[in-house]
Amino acid sequence: NPLAGKTLQFAEVLEGSTRHTGIHAAGVIIAPDDLTKYIPVCTAKDADLLVTQFDGKYIEDAGMLKMDFLGLKTLSIIDSAIENIRENHDLVIDPDKIPLDDEKTFELYQQGDTIGTFQFESEGMRMYLRELKPTTIEDLIAMNALYRPGPMDYIPDFVERKHGRKKVNYPHPWLEEILKPTYGIMVYQEQIMQTAQIMAGYSLGAADILRRAMGKKKKEEMDKQREVFIKGAEAKDIEKKKAEEIFDIMAKFASYGFNRSHSAAYSVLAFQTAYLKAHYPAEYMAAVLTHNMNDVKQVSFFMQEANRHDIPTLGPDVNESNVNFTVNKNGEIRFALSAIKGVGEAAVTEMVTERKAQGPYTGIFDLTKRVNLRAVNKKCFESLAAAGAFDCFESIHRAQYFATANGDQVTAMEKAVKFGNTYQLNLANAQNSLFGDTLVAETVSPSLPECDPWSPMELLKKEKEVTGMYLTGHPLDDYKLEVEHFCTSSLDKLEKYKNKAVKVAGIIESVSHRTTKRGDPFASFSVEDYSGTFGMMLFKEDYLKFRHFLMEGQLVFIKGRYQLRYNSEDQYELKIGSMQLLSEIKEQEAQSMTVNLSLSDLTPELIEQLEVLCQQHPGKYPLKFQILDRTENYAISLFAKTLKVDISDKMIGALQALKVLTYKLN
């Protein structure tokens, strides 16, 4: 091949060359003077910022200082929460002066009630917090450092030592002072460095080199450091065997040791969020909702968390809501007007400013004649009406705004906007007319047409169209128990069940009954749950068997298999095996209830509470207990021979109020 040599030469030219340029999202280069005096630069794409042409890992060798400046949404949440507290309680909180020994905040951590707070909100972390029952900020700093792959295995040991159920041992008496806050366990990189200084006389710089070598597990460097450490320890009259033992312990923990200063800074910030949630839960959750406004799933999740804390979350109200989620004088969270589709921030600002200046709006016509209709248009009004923002106007229901009177071609909302424009035009003309008062007085507010109100399902559907969620409820709300315990997946997680059996529940939305080219009937329809919507199909005998369930608004429980679609290599479908009414599932599926308890939480008081609860809610379902000993990684199952309970919403609510346990229907 005559081109073979040339191709090889071309490849050699490409090898080692820069393939493309990239910019670190948070990296900033700092120089003692004009940057161009020290390093080559270029301009960033679509910006005037200067970007270094040196790779990030070499820039410090050129004498530059590289810093990462990260933005943190949590800081904005704290700021918004403090503003909410100032408005509602006339109290200004300085987050830097929040006491780090606040008892109520530690109670929140001890209950694992940390959803919505910083760093400590994952399900696994909340489980460990309930076991640890932290009492100091040091406990939180350690948990923050331990809760990551590797050191996580030491959390049970850390918990046992904290509560005195396991003896605290130190590798050497000299290390007691630095390891006391973590109960003898090396958690932080700083502890590794301090150990090297105390035990082997390392300088601070040498100790940092040791830490890096251990972290990167470079054998050659580790062997060298081992020799240096042992010689330094022997110089301090420590036996060689003991020095080797301590070095091995250090190496073991250094491979995943975390920077304490980093963990401490994040834990203090986390404590501030937990303090605000513990003392001002409504104001704090409103701030969390505000800064998750663009994520419908997150908004829905945090609204449920607020409701779990008995903080009502109300829909939008043009006379009470603001741009962001806020808390009214009754301690209820109001939905943000700017979170409604079709309602821009400028429109909300206009309505809120006018309301604060001239008082609440008395009706739709009062609203349209008072606000600037260049900022608030018809589409905006329609979205507000569909979301329920005008429900505060008495004796008017949502359907009336979209209805037409006999013989009219325009809706009531269009009339309202036209009325507002006419009123404002007359008002402007009145300023230059001797008969101005008469002109304005002649603009009489029309009335809204009478019509039937929307059905509950239609009302919920309209709400979802403009907010992305159901506000006044959810079709599945009455069946949360069934969904939680008898479904194996939500509709958005079916990808995890490829070629597996699965159980789902939801409300049937759109349904289309059709026939194939051969004349066989089939149906395509969509099912929606809390997570989203999923399309399904029924053919032949399956269609004939289940077609009576295919009605819009029907709540169904579906068993099937998530498998490859017929004649497809990459498209999956839910092959339906059975379909039942969701209302009948509890009777058919529930056989008993199992209560899961940690051995450390099993107290005489808790046993008494459970006994009273069972007496208050007698029924036909057997009660089982599973006691977990996380230290020994062992579980024991117990069966209550005489206790049978009623699986009702009241029973479940009372069980959930105990907080230290979980339950499962079998």
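Here the structure is shown first, and the text comes after it.
What you see is a predicted model; the values in this text were computed from it and never measured.

### Focus: the overall build of the protein
Stage number 1. A count of helices and strands for the protein gives 26 helices and 16 strands.
Stage number 2. The C-alpha atoms of the protein give 33 Å as radius of gyration, which overshoots the globular expectation for 666 residues (26 Å, by more than 25%).
Stage number 3. The C-alpha extent of the protein, read off along each of the three principal axes, is 105 × 80 × 80 Å.
Stage number 4. Looking at the protein residue by residue over its 666 residues, the buried ones come to 44%.

### Section: unusual backbone geometry
Stage number 1. Non-glycine residue aspartate 90 carries a positive phi angle of around 50°.
Stage number 2. Of note, aspartate 90 is situated in the loop between helix 3 (73-89) and helix 4 (103-110).
Stage number 3. Although it is not a glycine, aspartate 310 sits at a positive phi angle of roughly 60°.
Stage number 4. With respect to the helices, strands and loops of the structure, aspartate 310 is situated in the loop between helix 15 (296-308) and strand 5 (313-314).

### Remarks on the packing of helix 9 (residues 189-200) against helix 11 (residues 219-234)
Stage number 1. Their axes nearest at 7 Å, the elements helix 9 and helix 11 cross at an angle of 45°. Judged on the interaxial angle alone, helix 11 and helix 9 are oblique. Counting all contacts with helix 9, which are made through Thr195, Ala196, Met199 and Ala200, the residues of helix 11 involved are Phe229, Gly232 and Ala233.
Stage number 2. Considered class by class, the residues forming the contact of helix 9 with helix 11 number 5 nonpolar, 2 polar and no charged.

### Examining the packing of aromatic side chains
Stage number 1. On inspection of all chains with the given rule, the structure shows 19 aromatic pairs.
Stage number 2. On the basis of an interplanar angle of 20° and a centroid distance of 5.4 Å, the ring pair of tyrosine 562 and tyrosine 572 is categorised as stacked. Linking tyrosine 562 in strand 11 (residues 555-564) with tyrosine 572 in strand 12 (residues 572-581), this pair joins segments that are 10 residues apart in sequence. Per residue, the accessibility class of tyrosine 562 equals that of tyrosine 572, and both read buried.
Stage number 3. Three or more aromatic residues joined by ring pairs make a cluster, and in this case those are Phe106, Tyr109, Phe120 and Phe271.
Stage number 4. Looking at arginine 260, its charged tip hangs above the ring of tyrosine 188, at a distance of 5.6 Å from the centre.
Stage number 5. Of note, lysine 369 hangs over the ring of tyrosine 423, and the distance from its end group to the ring centre comes to 5.0 Å.

### Details of the pattern of salt bridges
Stage number 1. Taken as a whole, this structure holds 33 salt bridges when the rule is applied.
Stage number 2. Note that aspartate 208 is salt-bridged to arginine 211, the shortest N-O span being 2.8 Å. Placement of the pair is aspartate 208 and arginine 211 together in helix 10 (residues 204-216), with a separation of 3 residues, close to one helical turn.
Stage number 3. Residue arginine 211 is classed as buried on the basis of its relative accessible area, which comes to 18%.
Stage number 4. Note that glutamate 320 is salt-bridged to arginine 334, the shortest N-O span being 2.6 Å. Within this pair, whereas glutamate 320 is found in the loop between strand 5 and strand 6 (326-327), its partner arginine 334 is found in strand 7 (residues 333-334), the two being separated by 14 residues in sequence.
Stage number 5. Taken together, the shared-partner salt bridges in this structure form one network comprising Asp113, Lys277, Glu305 and Arg308.

### Remarks on helix 5 (residues 123-132)
Stage number 1. In terms of burial, helix 5 is largely enclosed, as 7 of its 10 residues are buried.
Stage number 2. Buried residues of helix 5: Met125, Arg126, Tyr128, Leu129, Arg130, Glu131 and Leu132, and no others.
Stage number 3. Along its buried surface, helix 5 packs onto helix 4, helix 6 (137-146), helix 7 (155-162) and strand 13 (593-598).
Stage number 4. Backbone geometry just downstream of helix 5 places lysine 133 in the positive-phi region, at approximately 50°.

### Focus on the sheet that holds strand 6
Stage number 1. Across the sheet, 3 strands lie side by side as 5-7-6; this open sheet has mixed pairing. Strand pairing shows two members of the sheet lacking a second neighbour, strand 5 and strand 6, which therefore form its edges.
Stage number 2. Here 2 bridges tie strand 5 to strand 7, and the two strands are oriented parallel to one another. By the bridge assignment, threonine 313 is partnered in strand 7 with isoleucine 333.

### Remarks on the packing of helix 6 against helix 13 (residues 260-279)
Stage number 1. Packing of helix 6 against helix 13 leaves a shortest axis separation of 8 Å and a crossing angle of 120°. Crossing geometry of helix 6 relative to helix 13 is assigned as right-handed. The segment helix 6 lies against helix 13, with Ile137, Glu138, Leu140, Ile141, Asn144 and Ala145 engaging Arg260, Ser263, Ala264, Tyr266, Ser267 and Phe271.
Stage number 2. In terms of residue class, the contact of helix 6 with helix 13 is made up of 7 nonpolar, 3 polar and 2 charged.

About the criteria used
Residues numbered from 1 in each chain as written. Predicted model: local features only at pLDDT ≥ 70, side-chain atom pairs only at ≥ 80, totals over all residues. Heavy atoms only, no water. Helix = DSSP H or I, 4+ residues; strand = E, 2+ residues; numbered from the N terminus. Rg over C-alpha atoms; globule rule 2.2 N^0.38 Å. Buried < 20%, exposed > 50% of the residue type's maximum accessible area, 1.4 Å probe, protein only. Axes fitted to C-alpha atoms, helices over the stretch in contact; angles between N-to-C directions. Parallel < 35°, antiparallel > 145°, perpendicular 65-115°, else oblique. Contact = heavy atoms within 4.5 Å. Nonpolar A, V, L, I, M, F, W, Y, C, P; charged D, E, K, R; others polar. Phe/Tyr/Trp six-rings, centres within 6.5 Å; stacked < 30°, edge-to-face > 60°. Lys NZ or Arg CZ within 6 Å of the ring centre and 35° of its normal. Salt bridge = Lys/Arg side-chain N within 4 Å of Asp/Glu carboxyl O. Pairing = 2+ DSSP bridges. Left-handed = near helix turned anticlockwise from the far one by under 90°.

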